[in-house]
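Read off the chains here:
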Amino acid sequence: MARPLIQMALDSLDFNQTVALADQVAPYVDIFEIGTPCIKYNGINLVKELRQRFPDKLLLVDLKTMDAGEYEAGAFYAAGADICTVLGVSGLATIAGVIKAAKQHGAETQIDLINVADKADCARESVKLGAQIVGIHTGLDAQAAGHTPFTDLNDIARLGLGVRISVAGGIKQATVQQVVEAGANIIVVGAAIYGAPSPAEAAREIRELVDAAAV
Ligand SMILES: O=C(CO)[C@H](O)[C@H](O)COP(=O)(O)O
């Protein structure tokens with residue numbers, strides 16, 4: 001099995017704390033995600049800062065674009081994003097716009113299936129348009145209501161779409177093995193790392209667990 005990637009969700013609003021957290025966990029993660037509240041609060045300068053400090057990391061900007069796909073995402077790809085997210089619920093025209101912007105910058109697009117009613121159909125159509133990553137995502141509010149991403153992950157993995165599958169939504173040490181075995185290629189972790197007494201130690205543990213599960 002190819003080594004799954006670990007994506008650190010940087011979900012603080014504070015610019016300096018975000019950069020400091022990225023520094024702490026950098027040895028153990030592959031992708032830095034600038035989370036949606038964080039990118040709204042800090043804007044494109046944070047993309048430029050992380051791009052400059054971490055030239056070897058993949059940088060995902062969690063725009064969750066809902067309209068004006070090409071226009072909105074283009075600026076973030078130009079600033080150094082490797083991946084931007086677009087909402088599956090936005091519709092195919094917006095998804096196509098983000099994909100077009102990504103192609104112009106040699107970058108990639110992730111479809112976020114959060115709150116999509118027919119996830120299999122949306123994933124299939126998005127892949128046909130050229131999306132490289134399908135994101136299974138139980139958001140923070142849905143997590144608070146007791147939801148998890150595991151059933152959706154199994155359903156989408158079974159489709160065999162031939163693209164990478166990302167999973168997010170409360171993933172922690174106890175669930176890493178389950179999501180790797182279910183077929184996730186990108187494991188997104190936020191609170192289980194940034195909420196730990198030592199984020200670096202938590203990230204190191206998750207790296208070990210992901211690598212062990214993927215053998
Ligand atoms: O995109 C997000 C919320 O919309 C989060 O960044 C994602 O859910 C990962 O964080 P956590 O592991 O804490 O769920």
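All values reported here derive from a predicted model rather than from experimental measurement. (Residues numbered from 1 in each chain as written. Predicted model: local features only at pLDDT ≥ 70, side-chain atom pairs only at ≥ 80, totals over all residues. Heavy atoms only, no water.)

Chemist: Could you give me a rundown of the packing of aromatic side chains, with the residues and numbers involved?
Modeler: Per the counting criterion, the structure on display carries one aromatic pair. A centroid spacing of 4.8 Å and a plane angle of 65 degrees characterise the contact between Phe 32 and Phe 54, whose relative ring orientation is edge-to-face. Taken as a pair, Phe 32 in strand β2 (residues 31–34) and Phe 54 in the loop between α3 (44–53) and β3 (58–65) lie far apart in primary sequence, 22 residues in all. Of the two residues, Phe 32 and Phe 54, both sit in the buried class. (Phe/Tyr/Trp six-rings, centres within 6.5 Å; stacked < 30°, edge-to-face > 60°. Helix = DSSP H or I, 4+ residues; strand = E, 2+ residues; numbered from the N terminus. Buried < 20%, exposed > 50% of the residue type's maximum accessible area, 1.4 Å probe, protein only.)

Chemist: I'd like a description of the pairing of strand β5 (residues 108–112), backed by residues and values.
Modeler: Taken across its five residues, β5 has four buried, putting it largely inside the fold. Relative to β5, strand β4 (residues 83–87) is paired through five bridges, and the arrangement is parallel. The residue of β5 that forms the bridge with Val 86 is Ile 111. Considered for its hand, the β-α-β crossover made up of β4, helix α5 (residues 92–104) and β5 is right-handed. Taken together, the three bridges between β5 and strand β6 (residues 133–137) define a ladder with parallel strand orientation. (Pairing = 2+ DSSP bridges. Right-handed = clockwise from strand over helix to strand, strands pointing away.)

Chemist: Tell me about the pairing of β3, residues and numbers included.
Modeler: Buried residues dominate β3, accounting for six of its eight residues. Relative to β3, β2 runs parallel, the two sharing four bridges. By the bridge assignment, Phe 32 is partnered in β3 with Leu 59. Pairing of β3 with β4, which is carried by three bridges, proceeds in the parallel orientation. The residue of β4 that forms the bridge with Val 61 is Cys 84. Following the backbone out of β3, through helix α4 (residues 69–78) and into the adjacent parallel β4, one traces a crossover that is right-handed.

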